[in-house]
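Residues per chain, in single letters:
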Amino acid sequence: MYDIYSDELDEMYKMKKNDSLNLGKGISPQDPIKTLLGDKFIVLNEKVTLREAIDKIQKQHVGCILLENDDKLTGIFTERDIVQKIVGKRHDLDKEYIIDYMTIRPDALRQNDAIGFALNKMIEGGYRHIPITNKSGKPVGVISMQDIINHLGDYFYE
C-alpha cells in the first residue's frame, strides 16, 4: 500500500541537525516580569461606580482594572467579572459600586518575580491577568497572558 506521507517522512529523517542555527536571545522563564510590563494599566479607587469602571475599560481598551484603597491593592475587576456578574442582570451602573463586583484580594506578584512564576500562577488559578505591586502593596502594573504571547510573537517574527 502506498503511503502519501512516506516521501515527507523520508526527507524529515534524512535532514541533518543544524547546529549553527542561532535564534538570538529570547525571553526565558527566569526573566523578571518587569521586562514585559507596559504602562497601559488603570488603577481606580474601589469606591467608584460600575459606570465609571466600565467606561474606563472601554476607552483605554484594557482587559482589567486594578482597585486600590490607601495606595494598597484591594481588588481586580476584569472583563470576565463584567460578563459573569453584570451583563443581563439589569444593574443601574450609576448606583452600583465596583467594590461589590470586583475580585477581592487577588494574587499579586512583584516586578522582579520570574515570568515562569507568573505563568504558573495564571495557569494554576485560571487567570488571564496578574496585578504587579511594589513592596508596600501599591499597584504598579498588570501582566496578562496576552502580554507574554505578544512578546514571544514579536521576538519570533523578527
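As the structure is a computational prediction, the values presented were derived from the model and not from experiment.

## Some points on the overall build of the protein chain
Here is step 1 of the chain: Looking only at helices and strands, one finds 5 helices and 6 strands in the protein chain.
Here is step 2 of the chain: When the helices and strands of the protein chain are placed in sequence order, the string is α-β-α-β-β-α-β-α-β-β-α.
Here is step 3 of the chain: Buried residues in the protein chain amount to 31% of all 158 residues.
Here is step 4 of the chain: Pairs at least 24 apart in sequence give 58% of the contacts found in the protein chain among residues at least 6 apart.
Here is step 5 of the chain: When the accessible area of the protein chain is evaluated, it comes to approximately 11000 Å², of which 51% is carbon and sulfur surface.

## Description of the pattern of salt bridges
Here is step 1 of the chain: Inspection of every chain in the model, using the stated rule, returns 4 salt bridges.
Here is step 2 of the chain: Between Asp94 and Arg51 there is a salt bridge, and its shortest N-O distance comes to 3.2 Å. One end of the pair, Asp94, is in the loop between α3 (79-86) and β4 (103-104); the other, Arg51, is in helix α2 (residues 50-60), and 43 residues separate them in sequence.
Here is step 3 of the chain: Under the relative-accessibility criterion, Arg51 is labelled partly exposed at 33%.
Here is step 4 of the chain: Note that Asp92 and Lys95 form a salt bridge whose closest N and O atoms lie 4.0 Å from each other.

## Regarding the confidence of the model for the protein chain
Here is step 1 of the chain: The share of residues in the protein chain with pLDDT of 70 or more is 79%, and the mean pLDDT across the chain is 84.
Here is step 2 of the chain: Counted against residues more than four places away or in other chains, residues 16-23, with its pLDDT under 50, gives 2 contacts.

## Comments concerning unusual backbone geometry
Here is step 1 of the chain: Although it is not a glycine, His61 sits at a positive phi angle of roughly 55°.
Here is step 2 of the chain: Here His61 lies in the loop between α2 and β2 (64-69).
Here is step 3 of the chain: You will see that Asp71, though not glycine, has its phi angle at about 60°, which is positive.
Here is step 4 of the chain: Along the chain, Asp71 falls in the loop between β2 and β3 (72-78).

## Things to note about the pairing of β3
Here is step 1 of the chain: The buried fraction of β3 is high, at 6 of 7 residues.
Here is step 2 of the chain: Pairing of β2 with β3, which is carried by 6 bridges, proceeds in the antiparallel orientation. Bridging from a neighbouring strand, Cys64 pairs with Thr78 of β3.
Here is step 3 of the chain: From the end of β2 to the start of β3, which pair antiparallel, there are 2 residues, and Asp70 there has a positive phi angle of about 55°.
Here is step 4 of the chain: Pairing of β3 with β4 involves 2 bridges; the strand directions are antiparallel. By the bridge assignment, Ile76 is partnered in β4 with Thr103.

## A look at the sheet that holds strand β1 (residues 43-45)
Here is step 1 of the chain: With respect to topology, 4 strands assemble into an open sheet ordered β1-β2-β3-β4, the strand pairing being mixed. Looking at which strands have only one partner, the edges of the open sheet turn out to be β1 and β4.
Here is step 2 of the chain: Running over the sheet, α2 touches β1, β2 and β3 and is turned about 70° from β3.

## Digging into α2
Here is step 1 of the chain: For α2, every residue scored as buried is listed here: Leu50, Ala53, Ile54 and Ile57. The buried residues of α2 all sit within an arc of 95° when viewed along its axis, so they share a single face.
Here is step 2 of the chain: Count one or two residues on from α2 and you reach His61, which has phi positive near 55°.

The rules behind the values
- For every chain, the first residue of the written sequence is number 1, and numbering continues from 1 onward in sequence order.
- Totals for whole chains, interfaces and linings use every residue, but because this is a predicted model, local features are given only for residues with pLDDT of at least 70 and side-chain atom pairs only at 80 or more, for both listing and counting.
- No hydrogens and no water enter the side-chain calculation; it runs on all heavy atoms of the structure.
- We count a stretch as a helix when DSSP gives it H or I for four or more residues in a row; a strand needs E for two or more, and each element gets its number in order from the N terminus.
- Here's how the labels work: a residue is buried when its accessible area is under 20% of the maximum for its type, exposed when over 50%, partly exposed in between, all with a 1.4 Å probe on protein chains only.
- In this analysis, two residues are considered to be in contact whenever any of their non-hydrogen atoms come within 4.5 Å of each other.
- In short, Shrake-Rupley with a 1.4 Å probe defines the accessible areas, and a residue's cover is counted only from the protein chains shown.
- The rule for a salt bridge is simple: a side-chain nitrogen of Lys or Arg has to be within 4 Å of a carboxyl oxygen of Asp or Glu.
- Note: pLDDT gives the predictor's confidence per residue, expressed from 0 to 100.
- In this description, strands pair whenever DSSP reports at least two bridges between them.
- Simply put, an axis is a line fit to the C-alpha atoms, just over the touching stretch for a helix, and the angle between two N-to-C directions goes from 0 to 180 degrees.
- Arc, as used here, means the arc of the directions from the helix axis to the C-beta atoms.

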